[in-house]
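Understanding the architecture of this molecule
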Amino acid sequence: MIYLMRHGLDDERFIGGYSNQHLTNEGVRSVCQARDYIVNKGLVINKIFTSDILRAKETASIVNTKINVPIIEMGSLRELNKGLLNGINLEYAKLHYNEWINVKDVYKRFPEGESLFDLYNKILYNFSDILKEDNTLLVTHRGVINMIYYILTNTKLDYDKEKFNVTHSSIHEYNPILKKIKRIY
């Protein structure tokens, strides 16, 4: 099995994307609970692949305090590149980049960034590499996990971030034989 985990909660007063926000105290707590689920359920994990963005790396490190396996950073597990909006204050963004706050057009690129369709294609292109090694945990972002759901379920791409229930610190199990994914925590 391959497990995908969304990073814990970071400071949501800032736009995510490629930003490097630390986990909040609540985020650390929820990651610890997810880590304990992994240990208590006896999930077999031989290595962790993590996005190289800080909130994902911190999540991987917390999980690894109990399973002690190699951690490998992968740029291909990064979230949507929101370009000029990466890491800026949400209130500032609402004033100066309001058209980007609730984007609906999956082909519209963020200024100096990418579109949701670009992220989809990046994940599709890297799909076999991302999901090739058994007994791994991929610590990544909602956007990446959502793209994997879109690909595996052959669902039309849209901006419904809640569609696949990828919440902070949630864990999703991918069965490479059945090519099925489901949330398990």
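Our subject in this report is the structure included herewith. Just so you know, these numbers come straight off a predicted model, no measurement behind them.

Details of helix H2 (residues 54-67)
Within an α-helix, residues lying three or four positions from one another point in the same direction, as the helix has 3.6 residues per turn. Taking 1.5 Å as the rise per residue, H2 with 14 residues should run 20 Å; its terminal C-alpha atoms sit 20 Å apart, in good agreement. The set of residues buried in H2 consists of Leu54, Arg55, Ala56, Thr59, Ala60, Ile62, Val63 and Asn64. Considering only its buried residues, H2 is in contact with strand S1 (2-6), helix H1 (25-41), strand S2 (47-51), strand S3 (71-74) and strand S4 (136-140). Backbone geometry just after H2 places Asn68 at a positive phi near 50°.

A closer look at the pattern of salt bridges
Applying the stated criterion across every chain, the model contains 13 salt bridges. The partner of Arg55 in a salt bridge is Asp10, and the shortest N-O contact between them spans 3.6 Å. One end of the pair, Arg55, is in helix H2; the other, Asp10, is in the loop between S1 and H1, and 45 residues separate them in sequence. Neither residue differs from the other here; Arg55 and Asp10 are each classed as buried. Of the charged contacts in the structure, one is a salt bridge between Asp36 and Arg35, with a shortest N-O distance of 3.2 Å.

With respect to the sheet that holds S4
Here we have 6 strands laid out as an open sheet, ordered S3-S2-S4-S1-S5-S6, and mixed in their pairing. Of all strands in the sheet, those bounded by a partner on one side alone are S3 and strand S6 (180-183). Mean inter-strand twist for the sheet, computed between neighbouring axes without regard to direction, equals 20°. Pairing between S1 and strand S5 (residues 171-175): 4 bridges, direction antiparallel. The residue bridging Ile2 from the neighbouring strand is Tyr174, located in S5.

How each quantity is defined
Residues numbered from 1 in each chain as written. Predicted model: local features only at pLDDT ≥ 70, side-chain atom pairs only at ≥ 80, totals over all residues. Heavy atoms only, no water. Helix = DSSP H or I, 4+ residues; strand = E, 2+ residues; numbered from the N terminus. Expected span 1.5 Å × (residues − 1). Buried < 20%, exposed > 50% of the residue type's maximum accessible area, 1.4 Å probe, protein only. Contact = heavy atoms within 4.5 Å. Salt bridge = Lys/Arg side-chain N within 4 Å of Asp/Glu carboxyl O. Pairing = 2+ DSSP bridges. Axes fitted to C-alpha atoms, helices over the stretch in contact; angles between N-to-C directions.

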